[in-house]
Amino acid sequence: MSWLPSLQSLQARLLALLLSLVTIVWLGAAVLTWTDAQHELDELLDGHLAQAAALLVVQQARADGHDDGTDDDGGLADPPSLHKYAPKVAFQVFHEGRLMMRSANAGTTPLSTLTRGFSTVRLQDKKPWRVFATRGGESDVQVFVGEQTDTRDDILWAVLQGVLLPLLLALPLLALLLWWAVRHGLAPLRQLSQALGRRQPHALEPVVLKDVPTEIQPLVQALNGLFERIDAMVASERRFTADAAHELRTPIAAIRAQAQVALGAGNDTTQRDHALQFTLAGCDRATRLVEQLLTLSRLEATANPGAALPLNTAIDLSALTRRTCADLAPAALSRQQELALDAPDVCLVIGDETLLGVLVRNLIDNALRYSPAGATVQVSVASRAGQTELQVSDSGPGMTEAEIARLGERFYRVLGNEQPGSGLGWSIIRRISAVLGVRIRVSRSAALGGLCVTAGWPAP
Amino acid sequence: MRILLAEDDPLLGDGLRAGLRQQGFQVDWVRDGVAAERELAAGDYQATVLDLGLPLKDGLEVLQALRERKNTTPVLVLTARDAVPDRIRGLDLGADDYVVKPVDLHELGARLRSLVRRAHGQVQAGLQCGGVLLDPAARQVSLDGAEVALSTREFDLLHALMLGAGRVLSREQLEQQLYSWGYEVDSNAIEVHIHHLRRKLGQSVIQTVRGVGYTLQRSQSGT
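Along each chain, residue indices are assigned from 1 in the same order as the chain's sequence is written. All chains are assigned letters beginning with A, and all ligands numbers beginning with 1, in the order in which they are written. Local features in a predicted model are, by the rule used here, given only for residues with pLDDT of at least 70; side-chain atom pairs are given and counted only at 80 or more, and totals for whole chains, interfaces and linings are based on all residues.

1. Description of the overall build of chain A
Reasoning step 1: Strands here are runs of E lasting at least two residues and helices are runs of H or I lasting at least four, both read from the DSSP assignment and numbered beginning at the N terminus. In terms of regular secondary structure, chain A is built from nine helices and twelve strands.
Reasoning step 2: Here chain A holds 460 residues, and 26% of them are scored as buried.
Reasoning step 3: By the convention adopted here, residues make contact when the C-beta atoms placed from their backbones lie within 7 Å. Sequence separation of at least 24 residues holds for 65% of the intrachain contacts in chain A that already meet a minimum separation of 6. Counting other C-beta atoms within 10 Å of a residue's own tells you its class, since 20 or more makes it buried, 12 or fewer makes it exposed, and anything in between is partly exposed; those C-beta atoms are placed from the backbone.

2. Here we look at the interface of chain A and chain B
Bring the parts together and some accessible area is lost; that lost area is often taken as the interface size.
Reasoning step 1: Contacts between the two partners involve 23 residues from chain A, matched on the other side by 19 residues from chain B.
Reasoning step 2: Taken together, the elements giving at least two residues each to the side of chain A that touches chain B come down to helix H4 (217–264) and helix H5 (269–301) of chain A.
Reasoning step 3: Sort the elements by how many residues they give to the side of chain A that touches chain B and H4(A) lands first, with twelve residues.
Reasoning step 4: Only Asp, Glu, Lys and Arg are considered charged in this grouping, and only Ala, Val, Leu, Ile, Met, Phe, Trp, Tyr, Cys and Pro are considered nonpolar; every other residue, Gly among them, is considered polar. By residue class, the composition of the side of chain A that touches chain B is ten nonpolar, nine polar and four charged.

3. Let's talk about the sheet that holds strand E5 (residues 141–148) of chain A
All names here are of chain A.
Reasoning step 1: One requirement defines pairing of two strands: DSSP has to find at least two bridges between them. Reading across the sheet, the five strands line up as E2-E1-E5-E4-E3 and stay open at both edges, with antiparallel pairing between neighbours. For this open sheet the edge positions go to strand E2 (98–102) and strand E3 (117–122), each flanked by a neighbour on one side alone. For this sheet, the mean inter-axis angle between neighbouring strands, taken without regard to orientation, is 25°.
Reasoning step 2: By the bridge criterion, seven bridges tie strand E4 (residues 128–135) to E5 in an arrangement that is antiparallel. For Val-131, the partnering residue across the bridge sits in E5 and is Gly-146.
Reasoning step 3: Note on method: axes are straight lines fitted to C-alpha atoms, helices fitted across the in-contact stretch only, with angles between N-to-C directions ranging 0 to 180 degrees. Sheet contacts for helix H2 (residues 149–185): E3, E4 and E5; angle to E5, the most-contacted strand, approximately 40°.

4. Notes on the pairing of strand E11 (residues 439–444) of chain A
Residues and elements named next belong to chain A.
Reasoning step 1: With six bridges joining them, E11 and strand E12 (residues 451–457) adopt antiparallel strand pairing. Counterpart to Ser-443 in the pairing with E12 is Cys-452.
Reasoning step 2: Taking the residues that link successive antiparallel strands as the turn, the E11-E12 hairpin has six residues, and the phi of Gly-449 there is positive, at about 90°.

5. A word on the sheet that holds strand E5 (residues 97–100) of chain B
Residue and element names in this part refer to chain B.
Reasoning step 1: Taken in spatial order, the five strands make up an open sheet running E2-E1-E3-E4-E5, and their pairing is parallel. Since the sheet does not close on itself, it has two edges, and those belong to strand E2 (26–30) and E5, each with one partner. Each neighbouring strand pair of the sheet contributes to a mean axis angle of 20°, computed without reference to strand direction.
Reasoning step 2: In the sheet, strand E1 (residues 2–6) pairs with strand E3 (residues 47–50) via four bridges, with the strands oriented parallel. Residue pairing for E3: Leu-4 is matched across the bridge by Thr-48.
Reasoning step 3: Set on the sheet, helix H3 (residues 59–68) makes contact with E1, E3 and strand E4 (75–79); between it and E3 the angle comes to about 155°.

6. Re the nonpolar core
Reasoning step 1: What we call a nonpolar core is a set of buried Ala, Val, Leu, Ile, Met, Phe, Trp, Tyr and Cys residues whose membership is set by joining through C-beta atoms within 7 Å. B:Ile3, B:Leu50, B:Leu76, B:Leu158, B:Leu161 and B:Met162 are the most contacted members of the largest nonpolar core, which totals 70 residues.
Reasoning step 2: No other element matches the seven residues that helix H6 (residues 152–163) of chain B contributes to this core.
Reasoning step 3: Contact partners of B:Met162, with chain neighbours within four places excluded, come to B:Leu127, B:Cys129, B:Leu134 and B:Leu216.
Reasoning step 4: Within the second largest apolar cluster, 42 residues are counted, among which are A:Leu293, A:Leu296, A:Val360 and A:Val379.

7. Digging into helix H7 (residues 171–178) of chain B
Residue and element names in this part refer to chain B.
Reasoning step 1: Along H7, the residues classified as buried are Leu-174, Gln-177 and Leu-178. For H7, the angular spread of buried residues about the axis comes to 95°, placing them on one side.
Reasoning step 2: Against the buried residues of H7 lie E1, E2, H6 and helix H8 (189–201). To obtain the arc, one takes the directions from the helix axis to the C-beta atoms.

8. Regarding the packing of H6(B) against H7(B)
All names here are of chain B.
Reasoning step 1: In contact at an axis separation of 10 Å, H6 and H7 are set at 125° when each is read in the N-to-C sense. Regarding the angle of H6 to H7, the classification is oblique. For the pair H6 and H7, the sense of crossing is right-handed. Residues Arg-153, Asp-156, Leu-157 and Ala-160 of H6 lie in contact with H7, whose contacting residues are Leu-174, Gln-177 and Leu-178.
Reasoning step 2: Its residues assigned to classes, the contact of H6 with H7 shows four nonpolar, one polar and two charged. Oblique is the label for every angle not falling under 35 degrees (roughly parallel), over 145 degrees (roughly antiparallel), or within 65 to 115 degrees (roughly perpendicular). By definition, turning the near helix anticlockwise from the far helix through less than a right angle yields a left-handed crossing, and turning it clockwise yields a right-handed one.

Set out below in structure tokens:
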């Protein structure tokens, strides 16, 4: 159906298909009728020819009996033309080689070279004739009966016209009826498209149509499924925006309060400096929060984990972890925390360097941030039997099973935690590990007593 | 005026405490819901600034428990939850005011003064007792139209007495209202401040009820 794609409308396609099929079937029927009629007509008319020939033979035999050799010019044997079809029919009767009788249009030479049976010949008028030749019982009488083949074609044409004419007349009517029928048949589709067209851009409730045909049901179901997913996505986005705005309120309130304190400090330079320091700290915190939110929203945009990123780069996890530890060490030292790293010289994993960097930083940063001053944070990179593991354990307060289960919910913070944080770090860790295909395990650290987080890479 | 501030965020809590102190409030700062509940039960606070998202115990629970104990301390809820249902719930649970972060420190101070004023049945912003006129917002006191210079403690003491005019306030009650945590209070500090006030405003303004405390006579009030 290579010609069909040019028809954009389903209705036009159906109409075109149906009309062409009807025409083809009708034409096929006409061809069959033609061949069948031709066959029957040939048999019938050939039968007439034979019959007429037989009559002439009998008549000549009788004439031989009482009138012998009275005629020599054949004028006697020229019967009158009695019918308008007579010129299309011809006959000759020979007796012992002499032309005894003939029709006016037959001429004097034998119509056919055959002496018995049917043949198709061209006579002096250049038209094809069907000739039947036969001989009398004593072989002295030779009869030829001919008929113009045109006659047969005329009859066949008349028959064919009887078949084709109604078709020509019926086709426009049929097209009209088919158009109506197709239109009626496609009504549910049109209803669906109207229902969809009437929708507001934000309307995501399922499409409800009465009496949906079984063929359209999967389409409606798929659409409703899509609406549901989009709705969930929009709701999640909306919740995220609300949560983010909510979460940004506190640092902004802090910045505002501190700035106002600085303004109102007057001559008290100690108070003003303190307030300005805290204003800066508030800005840093808001910045960190915004960065985390952006990271998270970029990660969420990668709706199809793994597919969006070509994960084929080999990255040295040891070097990356070493750099991250070096970055975070000053902050740890300022809180008298001990940050230790145990890693082989080189340890390659497959992944995306940026994402991996964010993951490692968040893991170590979380451990430092939520452990008290003077705590120990132990980071180790190890590769055993092709499996690579990054482990971050701390001597902090640890977590209960219920708290561990809730980790990674946006803005979930462990109660009683005095450290400023939004709980976004874990959302980021969960998200990146999903994208990179890294398994994250959270447990109690046997050695240090606090939390132990293990990131595991499957064997390549 | 002594205020309890319940706020878990270190930066914001520090800023609010400093800002309210600049406006003459005595501020005690707690960082979780359990501590807030404990201090509200024990201390004598003129008002409370309560954050809702508190660790250990949510601010709304603290508020509900406070009202169930028939504690009438004015509560100003300061929160990031700005949805109308949240506001309605907060106010219905017994909050006297509902403010969404971020807030202007001066507005916060004014709202607190207004809460305290209404809690004491006062309508006007200024307090009057005889010829003494006290403006809590400007922290100014005048006697018969002439401005009187008072120290911070003297002003706070007079403010507390004027708010509780007609009632006798014990020395402990007055101490509690004047000093936030971390101040060593001399045993005779209140007596010293009363002495100074009498010297500046006249002997008859503050009466001593021997063995009980001090009072300002409402009958002297011009309003």
